[in-house]
Amino acid sequence: MTENIIDLKQITVDFKDGENRVKAVNDVDLQVEKGDIYGIVGYSGAGKSTLVRVVNLLQKPTAGKVIVNNQELLKLNPVDLRKARTKIGMIFQHFNLMKSRTILGNVEYPLLKTKLTKKQREEKATELLKLVGLASRKDDYPRQLSGGQKQRVAIARALANNPDILISDEATSALDPKTTLSILNLLKRLNRELGLTIVLITHEMQAVKEICNHVAVMQKGKIVERGNIEAIFSTPQKPLTQEFINVATNVGPAVEKVVKNPSFKALTQNQQLVQLNFIGKSTEEPIISTLAKQFGVDGNILFANVEQLHDETLGFMILVLTGQEERIKQAITFLQENQVRVKLLNQAVESEANG
Ligand SMILES: Nc1ncnc2c1ncn2[C@@H]1O[C@H](COP(=O)(O)OP(=O)(O)OP(=O)(O)O)[C@@H](O)[C@H]1O
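Note that the coordinates shown come from a computational prediction; the quantities given were computed from them, not determined experimentally.

J.: Mind laying out the sheet that holds strand 11 (residues 271-279), listing which residues take part and the relevant values?
T.: Judged by pairing direction, the sheet is antiparallel, and its four strands sit side by side in the order 12-13-11-14 without closing on themselves. Each edge of the sheet is formed by a strand with only one pairing partner; in this case those strands are strand 12 (298-309) and strand 14 (340-344). The average angle at which neighbouring strand axes cross in this sheet is 15°, direction not considered. With five bridges connecting them, strand 11 and strand 14 associate as antiparallel partners. Within strand 14, the position partnered with Phe-278 by the bridge is Val-340. The strands touched by helix 10 (residues 251-260) are strand 11, strand 12 and strand 13 (312-322); relative to strand 13, the strand with the most contacts, the crossing angle is about 5°. Against the sheet, helix 12 (residues 325-337) contacts strand 11, strand 13 and strand 14, and its axis sits at roughly 140° relative to strand 14.

Structure (structure tokens):
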């Protein structure tokens, strides 16, 4: 049986903003299973940071229950709450390292409040630096490191008290794509090797795609959609989720380009511009040749992308279908019957052409 390591129930967080009240989080439930890498995606101001700060009570909710590791945090006394909090590590966009301390000193810092001796602290910090691949830099200072290296130090520091949960709040947002990927891969390895549960807050679905098994999409203080990563990527329900996925799979920019392309301005009745999304087995079928053979409909590929998500293959394509109008309709029905999601784009082209 799976176990929820984080269980947020009906969480609301209100802020006073001058005369106004801002509902940063509005009646949100969130369950994260032990061992999950759970992504929370949303644009700036959606309430992601506020929601996850509730997990360790850095932010006290206005209403709701916070259950972490089967403990109801709002009911704990200060000593037990402090103990519970040490089991929740956190990393941030700007690393928050102490400039005047060495790398080792930074990682050792959370251990100063423990009963460990100086020697034990140094051993533990060195071991953690080894884990993130930075043992050789232990005597350097943060200013001597690159952004990616600084984030590795921050990760080592967040692991000092052997947490069960690591919260990553836009931890890769200030990094270039290659460094981002290396940090995400490190998080994935820590999840696997240490059994660490990770909550990843981000405004980029690409990051979620790399490592998460679950994702929730937030908008205006609410979770508008959630699910396992394959389901969300293959059958997103809400326009906002679709928008994030279109960007992550490059389909969005491709559609925009195609729709604006003057050569598609005058599509005839015998042409249909379509976007296809397909999952699993249907990615292996020779779709285009089937359309030609079975329906006499030609498919001209304008864009194609295949994404591997864990064990699932997802395909994204933009095509111009050319053939008799009725046959095109039949071909589209055939695609839909074969688990291919079809979006017709002719109207988008027309509205673009009409300004
Ligand atoms: N301490 C605060 N006082 C007043 N309003 C706040 C406070 N913290 C957050 N807010 C407001 O709550 C809303 C949600 O903010 P939050 O930082 O949680 O969003 P976010 O999705 O994490 O976005 P970002 O990535 O920009 O931080 C915003 O409207 C923000 O202005």
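J.: Residues and numbers for the side chain of Asp-169, please.
T.: Relative to the elements of secondary structure, Asp-169 occurs in strand 7 (residues 165-169). Arg-53 provides the closest opposite charge to the buried, salt-bridge-free Asp-169, at an N-O distance of 6.4 Å. A distance of 3.0 Å separates polar atoms of two side chains, one belonging to Asp-169 and the other to Ser-49. With residues up to four places along the chain from it excluded, the contact list for Asp-169 reads Ser-49, Ile-91, Phe-92, Gln-93 and Ile-201.

J.: Could you give an account of unusual backbone geometry, naming the residues involved and the relevant values?
T.: Generally, phi is negative for residues other than glycine and the peptide bonds are trans, each holding for most cases. Positioned with a positive phi, Asn-69 is a non-glycine residue whose angle comes to about 55°. Within the element layout of this structure, Asn-69 appears in the loop between strand 4 (63-68) and strand 5 (71-72). With relative accessibility at 28%, the residue Asn-69 sits in the partly exposed group. Backbone geometry places Asn-250, a non-glycine residue, at a positive phi of 70°. Looking at the element boundaries, Asn-250 is found in the loop between helix 9 (239-248) and helix 10.

J.: Tell me about the site of the ligand, residues and numbers included.
T.: Contacts to the ligand come from Phe-15, Val-22, Ala-24, Tyr-43, Ser-44, Gly-45, Ala-46, Gly-47, Lys-48, Ser-49, Thr-50 and Glu-170. Between the ligand and Gly-45 there is a distance of 2.7 Å, counted from an oxygen atom to a backbone nitrogen or oxygen. Between the ligand and Lys-48 there is a distance of 2.9 Å, counted from an oxygen atom to a side-chain nitrogen or oxygen. A total of 630 Å² of accessible area belongs to the ligand in isolation, and the protein chains cover 59% of it. It is helix 1 (residues 48-55) that provides the largest number of residues to the shell around the ligand, a total of three residues. In terms of residue class, the shell around the ligand is made up of five nonpolar, five polar and two charged.

J.: Just give me the short version of the pattern of salt bridges, but keep the residues and values in it.
T.: Considering all chains together, one arrives at eleven salt bridges under this definition. We note a salt bridge from Asp-14 to Lys-23, for which the minimum N-O separation is 3.3 Å. What makes Lys-23 partly exposed here is its relative accessible area of 41%. Taking the shortest distance from any N to any O, the salt bridge between Lys-75 and Glu-72 comes out at 3.7 Å. A network of salt bridges, in which partner residues are shared, links Asp-14, Arg-21 and Lys-23.

Reading the values: rules and limits
Residues numbered from 1 in each chain as written. Predicted model: local features only at pLDDT ≥ 70, side-chain atom pairs only at ≥ 80, totals over all residues. Heavy atoms only, no water. Pairing = 2+ DSSP bridges. Helix = DSSP H or I, 4+ residues; strand = E, 2+ residues; numbered from the N terminus. Axes fitted to C-alpha atoms, helices over the stretch in contact; angles between N-to-C directions. Contact = heavy atoms within 4.5 Å. Buried < 20%, exposed > 50% of the residue type's maximum accessible area, 1.4 Å probe, protein only. Lys, Arg positive; Asp, Glu negative; His and termini not counted. Salt bridge = Lys/Arg side-chain N within 4 Å of Asp/Glu carboxyl O. Polar contact = N/O pair within 3.5 Å; in protein donor to acceptor, adjacent residues only side chain to side chain. Near = heavy atom within 4 Å. Areas by Shrake-Rupley, 256 points an atom, 1.4 Å probe, with all protein chains shown as cover. Nonpolar A, V, L, I, M, F, W, Y, C, P; charged D, E, K, R; others polar.

Read these as layout, nothing more, since geometry by itself doesn't imply function.
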